[in-house]
Amino acid sequence: DHPTSMAVLWFMNTIFHQFLHEPQAVQQDAEALVTLSNEQGFSALSAGVMVRRGWALAERGQEGEGIQQIHQGMAAHRATGVELYRPHHLALLAEAYEKTGQVEEGLQALAEALTVVDKNGERFYEAELYRLKGKLTLQAQGYSYKSTGEKEAEEYFHQAIAIAQKQQAKSLELRAAMSLARLWQSQGKQNEAHQMLVEIYDWFTEGFDTKDLQEAQALLAELATA
């Protein structure tokens, strides 16, 4: 019976499920919050969650609608005067652009996000920004890991790992390590990739049903048999 508490709960739930890469759950909670926010006038919460709903749509195959909704949500969010979460929102936009092959647009979104990070000091997603920059850099050089952008991308992945380690952000470190391991795998450096990835993977003692850890386990199996 307390709408504000319910709104905050659904808002945080969308962040939580997005971190876990669970788009269906993000979409469900986002739609519940949008309905409540429209009734109660929670404009800032509604705008922010619209961005994550757009990400969820893109992840579930509705890329065009998802990108459009991310832009709408970001515009509405800025109109409230709130700057919080803008780097995160731009990262989600870059992910959606990656799915449609709009590499330059994705890189532009990440460049803006990193500028905001330096301006506002909101660094909780900084490691992911550099990891995504590495992935899109590879795509920009021919949509494959066999490209002239390998060295530059590798530097971004190392930077992402270093930032995550400094922040003790183990999940983001794992993601960055997987991206670097895939690059090394394509270069024939399976042993180095396996050794690097297994060190961070072995840190985890729970959460093995989550997408990141499942992907890490599958990649380690590939590297071990290569």
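So, how was this worked out
Residues numbered from 1 in each chain as written. Predicted model: local features only at pLDDT ≥ 70, side-chain atom pairs only at ≥ 80, totals over all residues. Heavy atoms only, no water. Salt bridge = Lys/Arg side-chain N within 4 Å of Asp/Glu carboxyl O. Helix = DSSP H or I, 4+ residues; strand = E, 2+ residues; numbered from the N terminus. Buried < 20%, exposed > 50% of the residue type's maximum accessible area, 1.4 Å probe, protein only. Axes fitted to C-alpha atoms, helices over the stretch in contact; angles between N-to-C directions. Parallel < 35°, antiparallel > 145°, perpendicular 65-115°, else oblique. Left-handed = near helix turned anticlockwise from the far one by under 90°. Contact = heavy atoms within 4.5 Å. Nonpolar A, V, L, I, M, F, W, Y, C, P; charged D, E, K, R; others polar.

1. Some points on the pattern of salt bridges
Counting across every chain of the model gives 13 salt bridges. For the salt bridge of Glu126 with Arg123, the shortest nitrogen-to-oxygen distance reads 3.1 Å. A salt bridge links Arg175 to Glu128, with the nearest nitrogen and oxygen atoms 3.2 Å apart. Of this pair, Arg175 sits in helix H9 (residues 170-186) while Glu128 sits in helix H7 (residues 126-140); the two residues are 47 residues apart in sequence, bridging distant segments of the chain. With relative accessibility at 8%, the residue Arg175 sits in the buried group. Connected via shared salt-bridge partners are Glu128, Arg131, Arg175 and Asp212.

2. Comments concerning the packing of helix H5 (residues 86-100) against H7
Two numbers describe how H5 lies on H7: the axes approach to 11 Å, and their chain directions differ by 25 degrees. Taken as axis vectors, H5 and H7 run roughly parallel relative to one another. Two packed elements cross with a definite hand, and for H5 against H7 that hand is left-handed. Of the residues in H7, those in contact with Pro87, Ala91, Ala94, Glu95 and Glu98 of H5 are Leu129, Leu132, Lys135, Leu136 and Gln139. Here the residues of the contact of H5 with H7 are counted per class, giving six nonpolar, one polar and three charged.

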